[in-house]
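Residues per chain, in single letters:
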Amino acid sequence: MFLALALFAPALIQGDASAPAAPMPAPKAPSGMVWVEPGVFTMGWDGEDGRPDERPAHRVRVDGFWMDLTEVTNAQFARFVEATGYKTTAEIVPSWEELAAQLPPGTPEPPPGTLVAGSLIFAKTPGRVDLRDYSQWWAWTPGADWRHPKGPGSSIEGMESYPVVHVSWFDATAYAAWAGKRLPTEAEWERAARAGAEGARYIWGAELVPDGVHRANIWQGQFPFENELADGFEVAAPVGSYAPNALGLFDLSGNVWEWTSDQFQPDLYEQRVRAGGPGAVIENPTGPLRAADPRNPYSRDSYVQKGGSFLCHADYCSSYRPSARMATPPDSGMNHLGFRCVSTPALWEAQLERTRVERSASAEPSKKPQPPKKPQSPKKPQSSKKSDG
């Protein structure tokens, strides 16, 4: 028991914490963000379509925070790149050392020139395939990156309001730091998504398409070869294309997966409940220090993604549910993977202070050094001698 407690960073609170606390007044929100009240909610899912890594459902308390109203867009990410000169993971040629660390020992090094910058792009299959082999619908595409979401020759012109994709976990955390924010923990993300729909299968209730209205950009038809486009989009949609949740947050179901700050472990929820005991409420939980991801067994790190994407379908993953979890190594980039950020009062105050300092520095008159005065020649004494004449 003591070992289990030592292994888990979150504090464990005993007793029934389900009684709602008096709501706190929301602090003044940073632009484009909404306040998520501190409180207790049920994390995970014990329902029939829940996967083992979503079980058991357990009670969690998180502090209050702000969350971006939408996924980070191409326009927002472009401002970051313009200001910093940042290059994303997909724009950099990968090193063999980095790749080898994620592959079985003894994997031969590819021939020189084989490794090129790029990213993964979804491609429909000709027909039915074994859904256990996802390599059949993912194609490594040289030249694919956030500026070229469909590969060389494509662009984001006219797609300023679409979510930025082909961004790795490293890219997302770099953007967040520049913006004075951070990535959400898995618990924060799920707390925000479940607002107004505590204990429901979907973030809007029990039915996937209530009253025939599509509430998310997901796959309809037969995956991965036939998409009926009943929701209006084949790939990512502009942010805010569907109705928001109870807090006014958009696209927390479908569209693109969203990175979190937590490492993945399939039995994490079981260990939390075992360590806490009956009636425990886990406070501000985070993931383990090191991942244990069966899908990526040789990678030391594998970070949780939430929300599902335009590729999610009931026959394959149904990961548009708020409890669903996915994970990949931090250098992963795909055309269905993006992110959004969160902030806290402490982070927001620090950002305001940085802004004040920058404005003060820019408003201060520049004190250019004055050139030294040119020495004056000594005046000649006037002569008292009268000129001849």
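Scroll up to find the structure.
Quick caveat, the model's predicted, so the values are computed rather than measured.

A.B. asks: Can you lay out the pattern of salt bridges for me, pointing to particular residues and giving the numbers?
C.D. replies: For the structure shown, the criterion picks out 22 salt bridges. Between Arg147 and Glu91 there is a salt bridge, with its nearest N and O atoms 2.9 Å apart. Residue Arg147 is found in the loop between β7 (138-142) and α4 (169-178), and its partner Glu91 is found in the loop between α2 (74-84) and α3 (96-100); the two are separated by 56 residues along the sequence. The partner of Glu234 in a salt bridge is Lys124, and the shortest N-O contact between them spans 3.0 Å. A residue pair is termed long-range when its members are at least 10 positions apart, and Glu234 in the loop between β9 (226-227) and β10 (257-263) and Lys124 in the loop between β6 (118-122) and β7 qualify at 110 residues.

A.B. asks: Summarise the sheet that holds strand β12 (residues 303-306); cite the residues concerned and give the values.
C.D. replies: In space, the four strands of this open sheet follow the order β13-β12-β10-β14, with mixed pairing throughout. Edge positions in the sheet fall to β13 (326-328) and β14 (337-338), since each has one partner strand and no second. Inspection of the sheet shows β12 paired to β13 by three bridges, in the antiparallel sense. The residue bridging Tyr303 from the neighbouring strand is Thr328, located in β13.

A.B. asks: Tell me about the environment of His148, and name the residues and values.
C.D. replies: Among the structural elements, His148 can be located in the loop between β7 and α4. Assessed through its relative accessible area of 28%, His148 is described here as partly exposed. The sequence separation of His148 and His166 amounts to 18 residues, and the corresponding C-alpha distance is 9.0 Å. Ignoring anything within four residues of it in the chain, the contact list for His148 reads Gly143, Ser154 and His166. Of the polar contacts made by the side chain of His148, one reaches the side chain of Asp145; its length is 2.9 Å.

A.B. asks: Got a sec to walk through the sheet that holds strand β5 (residues 65-68)? Specific residues and values, please.
C.D. replies: Reading across from one edge, β2-β5-β15 is the order of the three strands in this open sheet, with antiparallel pairing throughout. Each having just a single partner strand, β2 (33-36) and β15 (342-343) make up the two edges of the open sheet. The pairing of β5 with β15 spans two bridges and is classified as antiparallel. Looking across to β15, one finds that Met67 is bridged to Val342.

A.B. asks: Go over the packing of α2 against α4 with me, naming the residues and quoting the values.
C.D. replies: One way to put it is that α2 packs onto α4 with a least axis distance of 11 Å and a crossing angle of 75°. If you check the angle between α2 and α4, you find them roughly perpendicular. Between α2 and α4, the residues in contact are Gln76, Phe77, Arg79, Phe80, Ala83 and Thr84 and Asp171, Ala174, Tyr175 and Trp178, respectively. Across the contact of α2 with α4, the residue classes tally to six nonpolar, two polar and two charged.

A.B. asks: Can you break down the nonpolar core residue by residue, with the values?
C.D. replies: By size, the foremost hydrophobic cluster in this structure holds 57 residues, and its most contacted members are Met67, Phe77, Tyr175, Trp259 and Phe339. With sequence-adjacent residues up to four places away left out, Tyr175 is seen in contact with Val72, Gln76, Phe77, Phe80, Phe339 and Cys341.

A.B. asks: Report on the pairing of β5, specifying residues and quantitative values.
C.D. replies: In summary, the side chains of a regular strand alternate between the two faces of the sheet. The alternating pattern of β5 places Phe65 and Met67 and Trp66 and Asp68 on opposite faces, both of which are buried. Here four bridges tie β2 to β5, and the two strands are oriented antiparallel to one another. Counted as the bridge partner of Val36 is Phe65 from β5.

A.B. asks: So what's going on with the environment of Glu188? Which residues, and what values?
C.D. replies: Following the sequence through the fold, Glu188 ends up in helix α5 (residues 186-193). Considered as a pair, Glu188 and Asn284 are 96 residues apart in the sequence and their alpha carbons are 8.1 Å apart. Contacts of Glu188, omitting those with residues within four sequence positions, involve Val62, Phe65, Arg182 and Val342.

What counts, and at which threshold
- Residues numbered from 1 in each chain as written.
- Predicted model: local features only at pLDDT ≥ 70, side-chain atom pairs only at ≥ 80, totals over all residues.
- Heavy atoms only, no water.
- Salt bridge = Lys/Arg side-chain N within 4 Å of Asp/Glu carboxyl O.
- Helix = DSSP H or I, 4+ residues; strand = E, 2+ residues; numbered from the N terminus.
- Pairing = 2+ DSSP bridges.
- Buried < 20%, exposed > 50% of the residue type's maximum accessible area, 1.4 Å probe, protein only.
- Contact = heavy atoms within 4.5 Å.
- Polar contact = N/O pair within 3.5 Å; in protein donor to acceptor, adjacent residues only side chain to side chain.
- Axes fitted to C-alpha atoms, helices over the stretch in contact; angles between N-to-C directions.
- Parallel < 35°, antiparallel > 145°, perpendicular 65-115°, else oblique.
- Nonpolar A, V, L, I, M, F, W, Y, C, P; charged D, E, K, R; others polar.
- Core = buried A, V, L, I, M, F, W, Y, C linked by side-chain atoms within 4.5 Å.

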